[in-house]
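What the coordinates show
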Amino acid sequence: MLTLFAQIDQPAFVRPDIDWHAVAPELLLLGLGALLTMLDLIFLDRIRRFIPTLTGLAFLVPLIPILTLWSQSDDLPRVMFDGAYVVDRYSLALKVLFLLSGYVVVLLSSDYMAEGDYYDSEYYQLISASILGMVVMSSARDLVSIFIALELISIPAYLMAAWRKRDLKSNEAGLKFMLMGVFASGIMLYGMSLLYGFAGDTRLSAVAEALDRGESAPLITLAIVFTAIGFGFKVSAVPFHSWAPDTYEGAPTPLTAFLAVASKSAGFVALIAIVLVGFSTQADVVEPLMWVLAALSMTVGNLIAIRQTNIVRMLAYSGIAQAGYMLAPLAVYGETFEGTTNPANAIVNYLLVYAAMNLGAFAVVILVARKTRSGEISSYGGLMNYSPGLGAAMTLFLFSLAGVPPVGGWWAKFQIFNVLTQNASWAGISLAIIVAVNSVIAAFYYLNVAKQMWFMPAPDLDHTPIRLPAPLATALAITLVATIVFGILPGIVGDLSDFTSLAAR
Amino acid sequence: MLLNQYLLLAAALFVIGVFGVLTRRNGVLVLMSVELILNAVNINLVAFGTFHGDIAGQVFALFVIAVAAAEVGVGLAIVLLIYRNRRSIDVAEANLMKG
């Protein structure tokens, strides 16, 4: 064994240069999260009331260094640790997405948790840890940092899914999520260890080069498939989706919104980095895999969503279908693209719109459940009569999810079509047809909820308007504005696929 | 160095682990099977690291060990929670939600 180690001949350790400005958002979030944990331990019940507000602030403060970094865009990309950690426009935009979705999730949680009689402030500390993982993930260009970020996102989420300790459904949600998650990350790690074996280096750019000159094609395919399975689980792509509906239904609803939006987006960010950078030379292996995952996810997700009667389960299956749309551009990523129409741009823009509209839909679900105490779609009857504002907002979110103009969703979907059809390849066109058929199927069940709200009577004839607490109203306002703005001003965030920097060394 | 032997050992451990996860119904044994998978990964990483003369493999393995400890800590907490409420850690019995 000693001879094993003796063969490693490394130079003395030199401290790498750290660009403090570039890592300021992560450090701020880490520092504030730790500070809140300590405050909570010292002051206990005296501070618990303020923890949600403080956590919300802790998510907004890191936006300041992100803005200053963005304004000095001449200095971008900032590359650290030999290309393992990259700060560019793409990663900055995603950091804003994650911090803002974290903020909205905190707004959604504060009333739910305060009324739930469960351990309170630890929930917010776990959310901060998870959001920190996502912020790190958007910059990670290295197998180790991607793995650490992924686990930092997932492990707190396992705990939060099982949050309602005495509720058997919540226990079951946590158990299924945890067992599937741990298993999937084990498979993914085995794939990553093989990738490291090919490259002798954990950076994605080095992995790409090594795979290009690799001789052992079957092993490369095995490594790619195993790695993809881990992310397939994270983004709940069929056939790795079985945990999602049960976990979404059993977990606390704000956490469901968090899993459906933030956690899924983080999975996609990792997938973009690893496919577009690490597997950039292996399109002939990855493209068919992504084609199958995308086609299966949207078809299976939509077909099962039709027969759901519980709105959270319906949104879970619709989320699986939406993951399919977002996987679709990866099925053609090896082709050449011009201008802003390219897979990374299409996926990131879809993620932004998806976060806005899905968080909005969950905000309405939480509000309606406060009154009706039910998650059944039939309980949405008469919503337009007693809470027209809420009904109109939900209609807008549903139209956006279905891809009806002029709200955000249609434009995001249009981008996907553009990417798929640009080169008129067989794979792209066939997948575009599947996306089109699926959009029609999806419109059926989204509009079914709208029909309930507009034309059906309230099931219990209780017409008291729904009370709108301030945090939930703020969350609703943010998501509503974002959904509309993305629709009427398409391309407002600009081109986010800075490819040279995505592949930076 | 004979890289093959290490890789074969890791592959065997990995397959045993996957088999355990898919067939065991006891929550704790599922977690132990996942540990087998993660240890297979560690053997792979250290063997490849030595083969390439690169320290990153061992560092990666250390990270995997630390994260595996955290995962099992959380996993056992959830299994314990299930045991308190149901008096059983049979994962196949957790089927309240379907469809």
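As the structure is a prediction and not an experimental result, all values here were calculated from the model.

Rules behind the numbers
- Residues numbered from 1 in each chain as written.
- Chains lettered and ligands numbered in written order.
- Predicted model: local features only at pLDDT ≥ 70, side-chain atom pairs only at ≥ 80, totals over all residues.
- Helix = DSSP H or I, 4+ residues; strand = E, 2+ residues; numbered from the N terminus.
- Rg over C-alpha atoms; globule rule 2.2 N^0.38 Å.
- Buried ≥ 20, exposed ≤ 12 C-beta atoms within 10 Å, placed from the backbone.
- Contact = placed C-beta atoms within 7 Å.
- Core = buried A, V, L, I, M, F, W, Y, C linked by C-beta atoms within 7 Å.
- Axes fitted to C-alpha atoms, helices over the stretch in contact; angles between N-to-C directions.
- Parallel < 35°, antiparallel > 145°, perpendicular 65-115°, else oblique.
- Left-handed = near helix turned anticlockwise from the far one by under 90°.
- Nonpolar A, V, L, I, M, F, W, Y, C, P; charged D, E, K, R; others polar.
- pLDDT = per-residue confidence, 0-100.
- Expected span 1.5 Å × (residues − 1).
- Arc of directions from axis to C-beta.

**Re the overall build of chain B**
Across its full length, chain B carries three helices and zero strands. What you see in chain B, going N to C, is helices and strands ordered as α-α-α. Here the C-alpha atoms of chain B give a radius of gyration of 17 Å, more than 25% beyond the 13 Å that 2.2 N^0.38 yields for 99 residues. Seen along its three principal axes, the alpha-carbon backbone of chain B occupies a region of about 50 × 25 × 25 Å. Across the 99 residues of chain B, 41% fall into the buried class. Long-range pairs, those at least 24 residues apart, make up 49% of the contacts in chain B between residues at least 6 apart in sequence.

**Looking at the nonpolar core**
Residues and elements named next belong to chain A. Ranked by internal contacts, the top residues of the largest apolar core, which has 229 residues, are Leu108 and Met137. Of the residues forming this core, the biggest block, 21 residues, is contributed by helix α16 (residues 343–372). With sequence-adjacent residues up to four places away left out, methionine 137 is seen in contact with Ile146, Ala149, Leu150, Ile153, Ala266, Val269 and Ala270.

**Re the packing of helix α8 (residues 143–161) of chain A against helix α13 (residues 253–278) of chain A**
Residues and elements named next belong to chain A. Relative to each other, α8 and α13 sit at 165°, their axes nearing to 11 Å. Classed by the angle they form, the pair α8 and α13 counts as roughly antiparallel. Considering the relative orientation of α8 and α13, their crossing is left-handed. Across from Ile146, Leu150, Ile153, Ala157, Met160 and Ala161 in α8, the residues of α13 making contact are Leu255, Leu259, Ser263, Ala266, Ala270, Ala273 and Ile274. Among the residues forming the contact of α8 with α13, the class breakdown is 12 nonpolar, one polar and no charged.

**Here we look at the interface of chain A and chain B**
Opposite the 40 residues of chain A that make contact, chain B presents 35 residues. Broken down by element, the residue count for the side of chain A that touches chain B peaks at 17 residues, all from helix α9 (residues 168–199) of chain A. Of the residues contributing to the side of chain A that touches chain B, the split by class is 18 nonpolar, 11 polar and 11 charged.

**A look at the confidence of the model for chain B**
Model confidence for chain B is summarised by a mean pLDDT of 89, while 97% of its residues fall at 70 or above. This complex was scored by the predictor with a pTM of 0.91 and an ipTM of 0.95.

**Some remarks on helix α1 (residues 3–23) of chain B**
With 21 residues, α1 of chain B extends 30 Å between its outermost C-alpha atoms, agreeing within 8% with the 30 Å of an ideal straight helix rising 1.5 Å per residue. Among all positions in α1 of chain B, only Leu7, Ala10, Leu13, Phe14, Gly17 and Val21 of chain B are buried. What you see down the axis of α1 of chain B is that its buried residues fit within an arc of 125°, all on one side. Exposed residues lying more than 90 degrees from the buried face of α1 of chain B are Asn4, Gln5, Leu8, Phe19, Leu22 and Thr23 of chain B. Where α1 of chain B is buried, its residues meet α9 of chain A together with α2 (27–52) of chain B.

**Thoughts on helix α4 (residues 51–60) of chain A**
Of the positions making up α4 of chain A, those classed as buried are Ile51, Pro52, Thr55, Gly56, Ala58 and Phe59 of chain A. One face of α4 of chain A carries all of its buried residues, which in axial projection span an arc of 160°.

**Remarks on the confidence of the model for chain A**
Mean pLDDT over chain A: 86, with 94% of residues reaching 70 or higher. Confidence, expressed as mean pLDDT per element, reaches its minimum in chain A at helix α22 (residues 499–502) of chain A with 48 and its maximum at α8 of chain A with 92.

**Remarks on the environment of isoleucine 148 of chain A**
Looking at the secondary structure, you find isoleucine 148 of chain A in helix α8. On the basis of neighbour count, isoleucine 148 of chain A is assigned to the buried category, with 20 C-beta atoms found within 10 Å.

**Overview of the environment of leucine 150 of chain A**
All names here are of chain A. Summarising the element assignment, leucine 150 is placed in helix α8. On the basis of neighbour count, leucine 150 is assigned to the buried category, with 28 C-beta atoms found within 10 Å. Separated by 130 residues in sequence, leucine 150 and tryptophan 20 place their C-alpha atoms 23 Å apart. Setting aside residues up to four positions removed in sequence, leucine 150 forms contacts with Met137, Ser185, Lys234 and Ala270.

**Concerning unusual backbone geometry**
Residues and elements named next belong to chain A. Residue proline 239 is reached from valine 238 by a cis peptide bond, and omega for that bond is 5°. For proline 239, the location among the structural elements is in the loop between α11 (217–234) and α12 (243–250). One non-glycine residue with positive phi stands out, namely serine 236, at about 50°. Topologically, serine 236 is positioned in the loop between α11 and α12.

**What about the packing of α13 of chain A against α16 of chain A?**
All names here are of chain A. Their axes nearest at 8 Å, the elements α13 and α16 cross at an angle of 170°. Relative to α16, the element α13 lies roughly antiparallel. Contacts from Thr253, Pro254, Thr256, Ala257, Ala260, Val261, Ser265, Phe268, Ile272 and Leu276 of α13 reach α16 at Ala344, Ile347, Leu351, Ala355, Asn358, Leu359, Phe362, Val365, Ile366 and Ala369. Partitioning the contact of α13 with α16 into residue classes produces 16 nonpolar, four polar and no charged.

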